[in-house]
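Per-entry structural report
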Amino acid sequence: MIIANTIKEVRLQIKAWMKEGKSIGFVPTMGFLHEGHQSLIERAKKENDKVVVSVFVNPTQFGPTEDLESYPRDFEKDTMLCEMTGADLIFHPDAKEMYEKGASTLIHVEGLTNALCGKSRPTHFGGVCLVVSKLFHIVSPDRAYFGEKDAQQLAVIKRMVKDLNFDIEIVGCPIIREVDGLAKSSRNAYLNTQERAAATILNKALTKGKETILAGETNVVKVKNEITEIICKEPLAKIDYVEIVDFDTIAPVKSIKGNILVAVAVFIGKTRLIDNFIIQA
Ligand code: PAF
């Protein structure tokens, strides 16, 4: 497995693979990899000849009071996991390599980024779109793999790829969970024992909401209230949002019909966790 720190090294390798007619799957990450990332790499491995994983904690997607400095990092472990899972190249640039002095291009996906996480993290998706489009230009993949845990991110990237004519297939992959239902996330590392137990409330509430929808409920307010009430019973939980939107446009829906995203963001102590389910209702 190749470890590349510069854009030049990645481009040279990608060109060589392309000359050999190899297809390229790409898994962008911020490192501190877990089974969720592993499932993306495995899927990429199945569907492509070569797999590139980027490990870069992207400063532009963190707000000024967010956890950029404390975001968990363990590149040695990431390298082992990538090697074990069959990645062919890790791109591990530093911030200077990715963002030259004087860089002044921004990418804004209108509409989809105003709601849900975009409301409480107004600069977040701009940073995500910027780094993902830069990575796409560097890696030139045939397919790129994103977890459905970040469902809004997935919808925003799909929109950006369409709007900017990237010739890349965006593949959304299912959420991977702990045995007790907590969605795998690098930020779970912030939780202490008590908080870790409390964090299961997100999935418990969403599971109940899903059951209600599957039983035929189409009333948005009723389902949102049900989920909210369950989360509010957990003393360590503070809701950022409970929302039901159209998965493709992230626009509010009048009733639960079509391709629906039911998403929550909840602070457990100081840690902000997100979870969701997508349902064809
Ligand atoms: O989902 C993530 O880990 C990040 O937002 C991404 C897509 C790697 C961009 O930094």
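Now for a quick tour of the structure.

Analysis parameters
Residues numbered from 1 in each chain as written. Predicted model: local features only at pLDDT ≥ 70, side-chain atom pairs only at ≥ 80, totals over all residues. Heavy atoms only, no water. Near = heavy atom within 4 Å. Polar contact = N/O pair within 3.5 Å; in protein donor to acceptor, adjacent residues only side chain to side chain. Areas by Shrake-Rupley, 256 points an atom, 1.4 Å probe, with all protein chains shown as cover. Helix = DSSP H or I, 4+ residues; strand = E, 2+ residues; numbered from the N terminus. Nonpolar A, V, L, I, M, F, W, Y, C, P; charged D, E, K, R; others polar. Pairing = 2+ DSSP bridges. Axes fitted to C-alpha atoms, helices over the stretch in contact; angles between N-to-C directions. Contact = heavy atoms within 4.5 Å.

Below, the discussion takes up the site of the ligand. P28, T29, M30, N58, Q61, V128, V131, V132, F146, D150 and Q153 make up every residue found near the ligand. Note that an oxygen atom of the ligand is positioned 2.6 Å from one of the side-chain N or O atoms of Q61. A distance of 2.7 Å separates an oxygen atom of the ligand from a polar side-chain atom of Q153. A total of 290 Å² of accessible area belongs to the ligand in isolation, and the protein chains cover 89% of it. Ranked by residue count, the leading element in the shell around the ligand is helix α6 (residues 124-139), at three residues. Taken together, the residues of the shell around the ligand sort by class into six nonpolar, four polar and one charged.

What follows concerns the sheet that holds strand β3 (residues 50-55). Sheet architecture is open: six strands sit in the order β1-β4-β3-β2-β5-β6, paired in parallel fashion. The sheet is open, and its two borders are formed by β1 (2-4) and β6 (169-173), each paired with just one other strand. Going from strand to strand, the sheet's axes swing by 25 degrees on average, the running direction of each strand aside. Note that strand β5 (residues 143-147) and β6 share five bridges and pair parallel. Bridge pairing links A144 to I170 in β6. Helix α3 (residues 75-85) rests against β1, β3 and β4 (89-91) of the sheet, and its axis sits at about 150 degrees to β4.

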